[in-house]
Amino acid sequence: FMKKPVLNLTLCAALALPLTALAQSWEALPKQAPSPTNNPQTAAKVELGKTLFFDPRLSEHGTLSCNSCHNVMGGGDDNRPNSIGMHDARGGRSAPSVWNAAFLSAQFWDGRAATLEDQAKGPITNPIEMGMSDAKVAIERLKAIPDYLPLFKAAFPESREPLTMDNVAKAIAAYERTLITPDTPYDRYVRGDKKALDAQQLRGMQTFAEVGCNACHMGANFSGPVLPAGEGFFMKFPNIAGSEYDKKYDLLADTGRHSVTGKDSDRHLWRVPTLRNVALTAPYLHNGKVATLDEAVRVMAKTQLNKELTPAQVKDLVAFLGSLGGNFPQQTMPRLPMTAGSSVVPPVDPHLTVKTAKK
């Protein structure tokens, strides 16, 4: 993992940033996301992954792609409380953004996937997401599209059998590692551009540290410390139960990490999400129950830190959070490999019933 620039004492003094803000160890996002040794980045692999990311034929009815829930033409999510999957099913949690997910040490809200590769396999065969019955069916469909095989051979020249589910996941993960935003106003400020943040954003930056938001949202990605893959950074939410928000936003219904491990000690533990581009990913929380960013700021201050923020503090924090987003690398829609004279997607049974969501 490449070394991250840190805003030091000298720079703070030069920018007239109060020393109280130093509690946050302000770090700019690296210009490149880390890659595992067993899946190095190549241009061919990234292009294949992008094509697969946008291809709805990886879903049962050929209607949903990875981009359906993680729209890279926007904030990397779908701006819904719960995503709409196959058979009009609803997911149990709000879709997290794919932007900067490459810097997370575990994926999904409950951290059940160690890597982007592990995560990429899940939705394709999840009955309430993309709905393919199993990985074999998904691969057979791709094999029925002749022009996919040359793309897999180019991306995985060392593989005797390049078109596999493992390689599908590796390609998608490689593309997702290009989805980073390392040049936000905040990053430019940390790197020395004194004009990158306005006065309100600077107040919000100081408030962020003074209130204690950095207890969870630390590091360059504002999602916790750099940890080995699979070792997620988890925090209890709500940390302080009993506020009006527990009932108002149904905060205790989902047990989070506990639903994966079954351990009592993991009850209501959640992987700390990144705050990058958070202004663009409403609604908020794991269940998408909070409609606006200013309300999310109030909820988190009370449930995590037991603090009531003033209206001015909320506005300043929202302004600072806005500085953590933007400057997305340009995305262009890929031309998908096609079939001539036939379709690989089977006809839909008109008697199918709507599936109900499971957590």
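All of these numbers come straight from a predicted model, not from anything done at the bench. (Residues numbered from 1 in each chain as written. Predicted model: local features only at pLDDT ≥ 70, side-chain atom pairs only at ≥ 80, totals over all residues. Heavy atoms only, no water.)

Colleague: I would appreciate a short explanation of the environment of Ser265 in the present structure.
Modeller: By secondary structure assignment, the location of Ser265 is in the loop between helix H11 (258-261) and strand E2 (269-271). Residue Ser265 is classed as exposed on the basis of its relative accessible area, which comes to 57%. Taking C-alpha positions, Ser265 is 9.9 Å from Lys236, a pair spaced 29 residues apart along the chain. (Helix = DSSP H or I, 4+ residues; strand = E, 2+ residues; numbered from the N terminus. Buried < 20%, exposed > 50% of the residue type's maximum accessible area, 1.4 Å probe, protein only.)

Colleague: Help me out: how do you make sense of the pattern of salt bridges in this one?
Modeller: Between side chains of opposite charge, pairing is possible as soon as their charged atoms come close. With the rule as written, the count across this model stands at 15 salt bridges. The shortest N-O distance in the salt bridge between Asp187 and Arg276 comes to 2.8 Å. Placement of Asp187 in helix H8 (residues 185-190) and of Arg276 in the loop between E2 and helix H12 (293-305) is noted, with a sequence separation of 89 residues between them. A relative accessible area of 2% means that Arg276 is categorised as buried. Between Asp264 and Arg267 there is a salt bridge, and its shortest N-O distance comes to 3.1 Å. (Salt bridge = Lys/Arg side-chain N within 4 Å of Asp/Glu carboxyl O.)

Colleague: Explain the packing of aromatic side chains here, please?
Modeller: Think of a pair of aromatic rings as described by two things: how far the centres are apart, and how the planes are tilted against each other in angle. Enumeration over the complete set of coordinates arrives at 15 aromatic pairs. Here the aromatic rings of Trp26 and Tyr186 are separated by 6.2 Å at their centres, their planes lie at 65 degrees, and the arrangement is edge-to-face. Of the two residues, Trp26 sits in the loop between helix H1 (9-14) and helix H2 (43-54) while Tyr186 sits in helix H8, which places them 160 residues apart along the sequence. What makes Trp26 buried here is its relative accessible area of 0%. Ring geometry for Phe53 and Phe54: centres 5.7 Å apart, planes at 65 degrees, overall edge-to-face. Of the two residues examined, Phe53 and Phe54, each falls in the buried class. Clustering of aromatic rings is evident, with ring pairs tying together Trp26, Tyr186, Phe208, Phe222 and Phe320. The ring of Phe108 is capped by Arg112, whose NZ or CZ atom sits 3.7 Å from the centre of that ring. (Phe/Tyr/Trp six-rings, centres within 6.5 Å; stacked < 30°, edge-to-face > 60°. Lys NZ or Arg CZ within 6 Å of the ring centre and 35° of its normal.)

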